[in-house]
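Listed below are the residues making up each chain.
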Amino acid sequence: MMRCAECKGKLLCGLPKCPIMSRFHAQVRTAARGTSYMGSAPSVFVGSAGYPAVSAGPLMVNDPDLPPLWMAQGLSIDDIVGIRARTIRGTARPDAVSDQIQEIALSSRPLDIEAAFERPISFDLRFDGTVTPVGLSGSIRKLDVLDNARVDRVVDRVTSDSDLTATEACVTLGSEGVDVYQIAQMMSAGLLGRQRRIVPTRWSITAVDDTVGTGLKRRIARFQPASEIEFFAATAYGNTMAVILVPGDWKFEMIEIWGKHSLWSGEEETIVQDIEGKKRGGYSPIGGAYYAARLAVAEHLARAGRSARVVVVRYAGSDYWAPLGSWVIREATRQAMKQAPVRCGDLKEAMTRVDDVIGSPQWRQKSRLIPEMLSQRSLFEFFG
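Residues numbered from 1 in each chain as written. Predicted model: local features only at pLDDT ≥ 70, side-chain atom pairs only at ≥ 80, totals over all residues. Heavy atoms only, no water.

A. Highlighting the overall build of the protein chain. Secondary structure assignment for the protein chain yields 13 helices and 14 strands. Scaling as 2.2 N^0.38, a compact globule of 384 residues should have a C-alpha radius of gyration of about 21 Å, and the protein chain matches this with 22 Å. Considered along the principal axes of its C-alpha atoms, the protein chain spans approximately 75 × 55 × 35 Å. Every one of the 384 residues in the protein chain was classed for burial, and the buried ones make up 54%. Here the protein chain has roughly 17,400 Å² of accessible surface; of this, 48% comes from carbon and sulfur atoms. Placing the 47 positive and 43 negative side-chain charges of the protein chain at their respective mean positions leaves the two points 2 Å apart. (Helix = DSSP H or I, 4+ residues; strand = E, 2+ residues; numbered from the N terminus. Rg over C-alpha atoms; globule rule 2.2 N^0.38 Å. Buried < 20%, exposed > 50% of the residue type's maximum accessible area, 1.4 Å probe, protein only. Areas by Shrake-Rupley, 256 points an atom, 1.4 Å probe, with all protein chains shown as cover. Lys, Arg positive; Asp, Glu negative; His and termini not counted. Charge placed at Lys NZ, Arg CZ, Asp CG, Glu CD.)

B. Spotlight on unusual backbone geometry. Cis peptide bonds are those with omega within 30 degrees of zero, and the linkage from Tyr 51 to Pro 52 qualifies with 10°. Its place among the elements puts Pro 52 in the loop between strand S2 (43-46) and strand S3 (56-60). Phi at Tyr 237 is positive, roughly 55°, even though this residue is not glycine. Topologically, Tyr 237 is positioned in the loop between strand S9 (229-236) and strand S10 (239-247).

C. How the structure looks around the pattern of salt bridges. Within this structure, the stated rule accounts for 24 salt bridges. Here Arg 89 makes a salt bridge to Asp 124, at a shortest N to O gap of 2.6 Å. In this pair, Arg 89 is assigned in strand S4 (residues 88-91) and Asp 124 in the loop between strand S6 (122-123) and strand S7 (136-145), connecting sequence segments 35 residues apart. On the basis of relative accessible area, Arg 89 is assigned to the buried category, the value being 7%. The salt bridge involving Glu 299 is made with Arg 334; its shortest N-O contact spans 2.8 Å. Taken as a pair, Glu 299 in helix H10 (residues 288-304) and Arg 334 in helix H11 (residues 327-338) lie far apart in primary sequence, 35 residues in all. Each of the two residues, Glu 299 as well as Arg 334, counts as buried. (Salt bridge = Lys/Arg side-chain N within 4 Å of Asp/Glu carboxyl O.)

Have a look at this one:
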């Protein structure tokens, strides 16, 4: 059986209809599909196809485009698919809409816009493990922003400072409470850094998670180690996140498991692992989910003023039927870290708790950090 990640609706699985596409199509049938739009534009989107000759424009829908709000409202996967199925991705040359998308990205609240399209908007679903899917697309002929942006003071200060590098801007914004969702929007719209340019949305999401997370790692390195082993867990949209914190200097390992017959898997489980110390090189084979989970744990440790060695295990089951984007991992891990920690007497107890919430001990075979920590503790006990 071919994986959906390789197929993306091309029916390589041999089925007469793609089950994911069909559920989006069912939602799209109820959406208006004309040649103009007047309403809310909660965010912007920059494509990556054909880079650097990309398309850019607003995302248009009279619903919020903010994952933490979706979770707070208790929206289901079907609810979110419904919102994204009726969301219109506006496309135009970046130079034709740069002022408008920058105003949308700067604003702390959605702005109303008026858009005219070259032709009727059409169904144009594309799957991506990082970006939340959008069902509709329209080539923009004319775009007007009807509101004035409401810009937070820190956002105005940082985006006005052309001496700051993009890295410095991201870290500053993150440290002053601007969430990564708006930072990524600003990066995509070309509002950050010394040499400002439009950045594809899927790149900016991971870049911001990585950059803000790396800034937090530097802060964590100055903290005292956590005092005990702690376990955290939460499940959201068919994704279970299990986290072990062990006293020590920063090390981070993530193990990602796609269960049998889940979205990106087939007849067998798929397991991917990655690990880092104080520094890491190259892009994680896990992709955007790695940086999203790492950010959420780093946020928790920074708030606690402690350093730790971290093992994160993600299990994605068949309930996760639509690729909603890396925000699911970020928010599920944030949700886990907000729970009261389970304090464990030793590492083996924490590992057993992961087994229980994941439903299998198979993740242990992939871990490199667990054997290292067990060995170090054995040596410490021996010499102690």
